[in-house]
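Notes for the structure review
Spelled out, the chains give:
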2 protein chains.
Amino acid sequence: MPEPRLLIDQDLHAGAEIALDEAQARHVGTVLRLDVGGHLRPFNARDGEWRARVTVREKRAMRVVLEAQLRQAQPSPDLDLLFAPVKRHATDLIVEKATELGARRIKPVVTRRTIAETVRVDRLESIAREAAEQTERFDAPEIFEATPLPKALDGWDASRPLIYADEAGDEADKAWGGAAGRARPIAEALQPLSPSLKGEEKLALLIGPEGGFTPEERRMLRALPYVVPVSLGPRILRAETAVIAALSVIQSVWGDWREA
Amino acid sequence: MPEPRLLIDQDLHAGAEIALDEAQARHVGTVLRLDVGGHLRPFNARDGEWRARVTVREKRAMRVVLEAQLRQAQPSPDLDLLFAPVKRHATDLIVEKATELGARRIKPVVTRRTIAETVRVDRLESIAREAAEQTERFDAPEIFEATPLPKALDGWDASRPLIYADEAGDEADKAWGGAAGRARPIAEALQPLSPSLKGEEKLALLIGPEGGFTPEERRMLRALPYVVPVSLGPRILRAETAVIAALSVIQSVWGDWREA
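Residues numbered from 1 in each chain as written. Chains lettered and ligands numbered in written order. Predicted model: local features only at pLDDT ≥ 70, side-chain atom pairs only at ≥ 80, totals over all residues. Heavy atoms only, no water.

**Concerning the overall build of chain A**
Within chain A one finds eight helices and 13 strands. Counting only C-alpha atoms and orienting by the principal axes, one finds that chain A spans roughly 70 × 40 × 35 Å. Across the 260 residues in chain A, those meeting the buried criterion constitute 53%. The contacts of chain A with a sequence gap of at least 6 include a subset with a gap of at least 24, amounting to 76%. Carbon and sulfur atoms make up 50% of the accessible area of chain A, which totals about 12100 Å². Across chain A, 37 positive and 41 negative side-chain charges occur, with their mean positions spaced 2 Å apart. (Helix = DSSP H or I, 4+ residues; strand = E, 2+ residues; numbered from the N terminus. Buried < 20%, exposed > 50% of the residue type's maximum accessible area, 1.4 Å probe, protein only. Contact = heavy atoms within 4.5 Å. Areas by Shrake-Rupley, 256 points an atom, 1.4 Å probe, with all protein chains shown as cover. Lys, Arg positive; Asp, Glu negative; His and termini not counted. Charge placed at Lys NZ, Arg CZ, Asp CG, Glu CD.)

**Let's talk about the nonpolar core**
A:Leu81, A:Ile186, B:Leu81 and B:Ile186 are the most contacted members of the largest nonpolar core, which has 84 residues in total. Aside from chain neighbours lying at most four places away, what touches A:Leu81 is A:Ile94, A:Ala98, A:Ala103, A:Arg105, A:Ile106, A:Lys107, A:Leu205, A:Val243 and A:Leu247. (Core = buried A, V, L, I, M, F, W, Y, C linked by side-chain atoms within 4.5 Å.)

**Here we look at unusual backbone geometry**
Keep in mind that most residues, glycine aside, have a negative phi and that most peptide bonds are trans. Residues and elements named next belong to chain A. The phi torsion at Arg33 lies on the positive side, around 55 degrees, for a residue other than glycine. Position of Arg33 relative to the elements: it lies in the loop between helix 1 (22-31) and strand 3 (39-44). Residue class for Arg33 comes out exposed when judged on its relative accessible area of 68%. Not every positive phi belongs to a glycine, and Glu136 is a case in point at roughly 70 degrees. Tracing the backbone shows Glu136 in the loop between helix 3 (121-135) and strand 8 (142-143).

**Concerning the relation of the copies chain B and chain A**
For the pair chain B and chain A, the relating rotation is 180 degrees, the translation along its axis is 0.0 Å, and the fit reaches an RMSD of 0.0 Å. On this basis, the relationship between the two copies can be described by a two-fold rotation axis. Scanning chain B for the C-alpha nearest the rotation axis identifies B:Val249, at a separation of 2.6 Å. Of all interface residues in chain B, 100% are interface residues in chain A too; the two copies therefore contact each other through one and the same surface. (Least-squares fit on C-alpha atoms with pLDDT ≥ 70 in both.)

**With respect to the pattern of salt bridges**
Per the counting criterion, the structure on display carries 60 salt bridges over all chains. Note that A:Arg120 is salt-bridged to A:Asp122, the shortest N-O span being 3.1 Å. According to the relative accessible area criterion, A:Arg120 is exposed, its value standing at 55%. Close ionic contact of B:Asp157 with B:Lys202 constitutes a salt bridge, the shortest N to O distance being 2.5 Å. Of this pair, B:Asp157 sits in the loop between helix 4 (149-153) and strand 10 (162-165) while B:Lys202 sits in strand 12 (residues 202-207), and the two are 45 residues apart along the sequence. Judged by its relative accessible area of 25%, B:Lys202 is partly exposed. (Salt bridge = Lys/Arg side-chain N within 4 Å of Asp/Glu carboxyl O.)

**Section: the domain arrangement of chain A**
Bring the parts together and some accessible area is lost; that lost area is often taken as the interface size. Residues and elements named next belong to chain A. Taken domain by domain, chain A holds domain 1 (5-71) and domain 2 (78-253). Placing the centre of domain 1 and that of domain 2 at their C-alpha centroids yields a distance of 34 Å. Across the contact, twelve residues belong to domain 1 and eight residues belong to domain 2. Regarding the contact of domain 1 and domain 2, the summed buried area is about 900 Å², with carbon and sulfur atoms giving 49% of it. Considering only the side of domain 1, the residues that lose the most area to domain 2 are Arg5, Leu7 and Arg71, jointly responsible for 56% of the buried surface there. Here Glu136 and Arg5 are joined by a salt bridge, their closest N and O atoms 4.0 Å apart. Where domain 1 touches domain 2, the interface holds eight residue pairs in polar contact (both at pLDDT 80 or more). Put simply, the parts of the chain that give the side of domain 1 that touches domain 2 at least two residues each are strand 1 (5-7), strand 3 and strand 4 (48-57). Counted by class, the side of domain 1 that touches domain 2 contains four nonpolar, three polar and five charged residues. (Domains from an automatic or database assignment. Buried area = accessible area lost by both parts, 1.4 Å probe. Polar contact = N/O pair within 3.5 Å; in protein donor to acceptor, adjacent residues only side chain to side chain. Nonpolar A, V, L, I, M, F, W, Y, C, P; charged D, E, K, R; others polar.)

**Here's the deal with the sheet that holds strand 3 of chain A**
Residues and elements named next belong to chain A. Strand order in the open sheet formed by five strands is 1-3-4-5-2, and the pairing between neighbours is mixed. Of all the strands in the sheet, the pair left with one neighbour each is strand 1 and strand 2 (17-19). The mean angle between the axes of side-by-side strands here comes to 40 degrees, regardless of whether they run parallel or antiparallel. As judged from the three bridges shared by strand 1 and strand 3, these two strands associate in the parallel manner. Residue pairing in the sheet places Arg5 in a bridge with Arg41 of strand 3. Sheet strands in contact with helix 3 are strand 1 and strand 3, and its direction is about 140 degrees off that of strand 1. (Pairing = 2+ DSSP bridges. Axes fitted to C-alpha atoms, helices over the stretch in contact; angles between N-to-C directions.)

**Observations regarding the interface of chain B and chain A**
Facing the 38 residues of chain B at the interface are 38 residues of chain A. Roughly 3100 Å² is buried in total at the junction of chain B and chain A, and carbon and sulfur atoms are behind 55% of that figure. Of all residues in chain B, B:Arg235, B:Trp257 and B:Glu259 give up the largest surface area on contact with chain A, accounting jointly for 25% of the area buried on that side. In this structure, the connection of chain B to chain A is made through six salt bridges. A salt bridge links A:Arg235 to B:Asp256, with the shortest nitrogen-to-oxygen separation between them at 2.9 Å. Remark: the boundary between chain B and chain A carries 14 residue pairs in polar contact (both at pLDDT 80 or more). Taken together, the elements giving at least two residues each to the side of chain B that touches chain A come down to helix 2 (88-100), helix 3 (121-135), helix 6 (186-190) and helix 8 (239-253) of chain B. When residues of the side of chain B that touches chain A are assigned to their parent elements, the largest contribution, eight residues, is made by helix 8 of chain B. Of the residues contributing to the side of chain B that touches chain A, the split by class is 14 nonpolar, eleven polar and 13 charged.

**A closer look at the pairing of strand 5 (residues 62-71) of chain B**
Residues and elements named next belong to chain B. Of the pairings in the sheet, the one linking strand 2 (residues 17-19) to strand 5 comprises three bridges and is antiparallel in character. Bridged to Glu17 within strand 5 is Val65. With eight bridges connecting them, strand 4 (residues 48-57) and strand 5 associate as antiparallel partners. Counted as the bridge partner of Val56 is Arg63 from strand 5. Counted along the chain from strand 4 to the antiparallel partner strand 5, the turn is four residues long.

Listed below in structure tokens is the structure:
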């Protein structure tokens, strides 16, 4: 078993002695069953990943000392996920999988047909931290409060294309008249957006609720110059499947799954 | 709400009167609450999708009459999924999502580090049928009994490349020595395999257990001429995430998410 990873917000440097917070101390002591002398891997997006040894273990407290840096931090691609919250279980799955798939920010947006108007940010943060620890990334994605879609688009940075997966599909696209409004297959639509492998570029993905966007929302989205409508194939996907699928294709065609 | 879809194995043709089996009758009557005169959409991979009207509703029986064909059957790409069974919840998720993502056959394979040696085929079949109904495909994927990996590869049709996602990652690849054995990024590795859009080609995906393949298994796999080792990026993915992610990239680069 590899030594467990732990996302630590404090500064990490050689010789630093760090007191874990109560929840972390309990997790490391009770769930991971580490004792004095045991090793773990604290990490964060600034200071990378370190090897640390447990020096103090009490019921609600634990201290570790940093021995050596194992890896320098690598930023994940500058990729935002905007999604319409779904049922709790599916929303949890979206946050866990978006973390594994390297989204940097997760922004719940409320659309006309969204069934859940709020999210528990603290709950989703703890899912994201745990997934970040498992998936070997250096940061946890930042989780935002749920925002109405128009507000989330207000003041949008036009240099960040917004990939918009419209599950309404072909029939609705035809009604928009011709190729100009047509949603292209996602891999094809991403090709011209792909940045150099240095990865300074930005991107965002928007996935709507199970019921899709309303005609008014689609009209509004398609009128925005930074919106890129894409199709996710001939089958109807559940919202969580669409999120996971689109993020995977984005990372493999645009993001950090490409050759380094 | 669109009319509910129902996968029916019997022949579908105009005017046919069909008796639903007991489980389907209960589902349509009790869960979907359809009564005499209500409409649903029977479908299968031979006869496409039909509009049908309920003519008889009893406690454990229901009859429908087919009114008109709505869509001709479209085959899904000839894509097999081989995966090492994981915990029940994750295995269920894999079958549901592989159905949405258009896998034609689902073959559980037992590897050295596989934690579950059997699957409940009937349970997975019912998950696959329900997902097929929701996702608007015409067939449900065929579910196979769990088989040891070597037996699953025995007599393999060499015209079906086997995409092999090796979560052991870069370090292990380096140990294999040089570019010849290196796992290429999945989108890049798929490019030369992409068939014409007529789609007569075949492909398979193999995803290992959370603990990865053993060195012996990797050596065996890499020695096979039809095996294509691929990488799924710099982060560690859970088994179910790897399945969903790889199937999504396959459909978008190789399969039926491309322009028709």
